[in-house]
Amino acid sequence: GTVTGVQTCALPICNEAKRAPRLAGQHASYLEKQLEQYATGRRGEHQRDANARQMTLIAPLYLGSERRAALAAYIAALPDIPFLARIKGDLGKGQKHYVRCEGCHGKSGQGDPDAVVPRLGGMSDWYLLQRLSLIRDGIHPFEPYNAGMLLSLEGLSDEDLRDLVAYVVSLSGR
């Protein structure tokens, strides 16, 4: 089936215009976990996290686990349409930084749906840059795995993060 109002959120051009991340092709397990985080107030409280604060308004509509699961499955099954990368960076340097991420997110940025590790390859570059900056700065600490993310991002400058993101989005995610 379909979930009313979601399809337009999956189009790459709409995502960028609405400042919403590209979600089509992301693992349903990860999407469901994020909806739960928003719905229960464990994500979206920090003033610097404007995108997450917007989601706190939508997530209560999907409080029930069945609705979260249905919405996550629907979004994950939407066509995985490539987008135009906007973040410029040194791919060689980014690849060197990605070695820190590969153990969890995989060689091609595919993530791990069983471990609820998000796909990174081919996802929204601006959003990944924002998330990584917030995690590095300790503003996105709601998940237990963020302790590992904090260590992986430790010492990376803004330029390093741009290099990393430019490389990550060049990966297939498959």
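Above: the structure in question.
What comes next concerns the included structure. All of these numbers come straight from a predicted model, not from anything done at the bench.

Considering the arrangement of structural elements, one finds histidine 27 in the loop between α1 (12-18) and α2 (28-39). Placed 91 residues apart in sequence, histidine 27 and proline 118 show a C-alpha to C-alpha distance of 6.5 Å. Ignoring sequence-local partners within four residues, the contact set of histidine 27 consists of Ala76, Gln110, Gly111, Asp112, Pro113, Val117, Pro118 and Arg119. Within the structure, the side chain of histidine 27 is placed 2.6 Å from the backbone oxygen of glutamine 110, a separation counted as a polar contact.

Our next topic: the packing of α2 against helix α4 (residues 65-76). Where α2 meets α4, the closest approach of the two axes is 8 Å, and the angle between their N-to-C directions is 135 degrees. In terms of their interaxial angle, α2 and α4 are classed as oblique. Crossing of α2 against α4: the hand is right-handed. Residues Ala28, Leu31, Glu32, Leu35, Glu36 and Ala39 of α2 form the contact with α4, whose own contacting residues are Ser65, Arg68, Ala69, Leu71, Ala72, Ala73, Ile75 and Ala76. A per-class count over the contact of α2 with α4 returns 10 nonpolar, 1 polar and 3 charged.

Moving on: the environment of glycine 41. Relative to the assigned elements, glycine 41 resides in the loop between α2 and α3 (50-58). For glycine 41, a relative accessible area of 36% gives the class partly exposed. Between the alpha carbons of glycine 41 and threonine 56 there is a distance of 7.2 Å; along the sequence they are 15 residues apart.

Scoring rules and cut-offs
Residues numbered from 1 in each chain as written. Predicted model: local features only at pLDDT ≥ 70, side-chain atom pairs only at ≥ 80, totals over all residues. Heavy atoms only, no water. Helix = DSSP H or I, 4+ residues; strand = E, 2+ residues; numbered from the N terminus. Contact = heavy atoms within 4.5 Å. Polar contact = N/O pair within 3.5 Å; in protein donor to acceptor, adjacent residues only side chain to side chain. Axes fitted to C-alpha atoms, helices over the stretch in contact; angles between N-to-C directions. Parallel < 35°, antiparallel > 145°, perpendicular 65-115°, else oblique. Left-handed = near helix turned anticlockwise from the far one by under 90°. Nonpolar A, V, L, I, M, F, W, Y, C, P; charged D, E, K, R; others polar. Buried < 20%, exposed > 50% of the residue type's maximum accessible area, 1.4 Å probe, protein only.

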